[in-house]
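# A structural walkthrough
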Amino acid sequence: MHHPSKRTKHTRRSQPHLSDRIFFILALLFLCATLVRTTPAVSHLQQAVQTFLSGNHSLEDAVQAVGSFDLPRTPARFHMPPLQIESFPPPETLAATTAGVFPDEIDPFIPANHTIYVPPLPDAVLVSPFGYRTHPISGVPGKLHKGIDLAAPEGKPIHAIAAGRVRTAGTSKSYGNYIVLEQADGLCSLYAHCKKLLVQTDTYVQAGQAIAEVGATGAATGAHLHLELWRAGKLLDPEEYITL
């Protein structure tokens, strides 16, 4: 009897679908920009492609293999040091500006966000800025002008630029009648060449309060206010802190 020959059953190996191939190729293109400069990564990528196209592994297995690459980290080209933001005001300010201490060193630091104070003399004219100049009386060049000079009519009220305590209300040969105000924010302001002082030592004043009158006492060539601003025992440019 003739028996039909038995057919050997072959298991057909599944092949990746076209859509899977397209998806995988797009994924590889996305990764090439990162992997192309690293030789070990390129080698692994080639192996993953061959594995998938051979049909022995699924798309998920091949993608997982690609995703397991250990990529070297690119060193940073620029190193930015951490920003150093100084607190405002510094705690040592009043200690450095105790009675009898008059600063003669410039503090170049200007906080990005600092207080703009009340103008001491509205509509006054700035006649001499802060910085080095030829002294108007002695004629010596390169002398440090420790504040700014605001010209105004004699007797015009001078206003405190901030609230605080009057540390000194006195007189000197150079400043004439002057006031040193310890401001509530930790800075100190000085008002010089005054005709008359309207407050006394150890009294408290508010921002904008009249504390003196414009004059020409001391070493002055005419009626004006000489205004200084101190911070941590150093001089600041008052023009940076008030609106003229």
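Described in the following lines is the structure provided in the data block. Sequence positions are assigned chain by chain, starting from 1 and proceeding in written order. For a predicted model such as this one, the threshold for reporting local features is a pLDDT of at least 70, and the threshold for listing and counting side-chain atom pairs is 80 or more; totals across whole chains, interfaces and linings nevertheless cover every residue. With hydrogens and water excluded, all non-hydrogen atoms of the structure serve as input to the side-chain values.

### Here we look at the side chain of Thr168
Runs of E in the DSSP output that reach at least two residues are strands. Runs of H or I that reach at least four are helices, and both are numbered from the N terminus. Relative to the helices and strands, Thr168 is located in strand β6 (residues 164-172). Note on contacts: a residue pair qualifies if any of its non-hydrogen atoms lie within 4.5 Å across the two residues. In this structure Thr168 touches Tyr178, Ile179, Val180 and Thr201, once residues within four positions along its chain are discounted.

### Regarding the pattern of salt bridges
In what follows, salt bridge is the name for a side-chain nitrogen of Lys or Arg lying within 4 Å of a carboxyl oxygen of Asp or Glu. Tallied over the full model, the rule gives 5 salt bridges. A salt bridge links Asp149 to Arg133, with the shortest nitrogen-to-oxygen separation between them at 3.7 Å. Separated by 16 residues along the polypeptide, Asp149 in strand β4 (residues 148-151) and Arg133 in strand β2 (residues 131-133) bring together distant segments of the chain. The exposure class assigned to Arg133 is partly exposed, which follows from its relative accessible area of 24%. When salt bridges with common partners are traced through the structure, they connect Arg165, Glu182 and Asp202 into a single cluster. Partly exposed describes any residue whose relative accessible area lies between the buried limit of under 20% and the exposed limit of over 50%, with all areas from a 1.4 Å probe on protein chains only and scaled to the type maximum.

### Comments concerning the packing of aromatic side chains
Ring pairs (aromatic) are described by centroid distance and by the angle formed between their planes. By convention, a stacked pair of Phe, Tyr or Trp rings (six-membered ring in the case of Trp) has centres within 6.5 Å and planes under 30 degrees apart, an edge-to-face pair has planes over 60 apart, and any other such pair is tilted. Here the structure, examined in full by the defined rule, presents 5 aromatic pairs. Taking 5.7 Å as the distance between ring centres and 45° as the angle between the ring planes, the aromatic pair formed by Tyr175 and Tyr178 counts as tilted. Exposure class is identical for Tyr175 and Tyr178. Each is buried. Here a set of aromatic residues connected by ring pairs shows up, and it is made of Phe102, Tyr175, Tyr178 and Trp230.

### Quick look at the pairing of strand β11 (residues 224-231)
Within a regular strand, the side chains alternate between the two sheet faces. Within β11, 8 of the 8 residues are buried, which leaves it mostly tucked inside the rest of the structure. The side-chain alternation of β11 yields two buried faces, one formed by His224, His226, Glu228 and Trp230 and the other by Leu225, Leu227, Leu229 and Arg231. Of the pairings in the sheet, the one linking β4 to β11 comprises 4 bridges and is antiparallel in character. Each bridged residue has a counterpart across the sheet, and for Leu150 the counterpart in β11 is Leu225. A strand pair is defined by DSSP finding two or more bridges across the two strands. Here strand β8 (residues 188-197) pairs with β11 via 5 bridges, running antiparallel. Note that in β11 the partner of Cys188 across the bridge is Trp230.

### A word on the pairing of β6
Judged from the 2 bridges that link them, β6 and strand β9 (residues 204-205) form a sheet pairing that is antiparallel. Considered in β9, the bridge of Gly164 is made with Val205. Across 8 bridges, the pairing between β6 and strand β7 (residues 176-183) is antiparallel. Within β7, the position partnered with Gly170 by the bridge is Tyr178. The turn joining β6 and β7, which pair antiparallel and follow one another in sequence, is formed by 3 residues.

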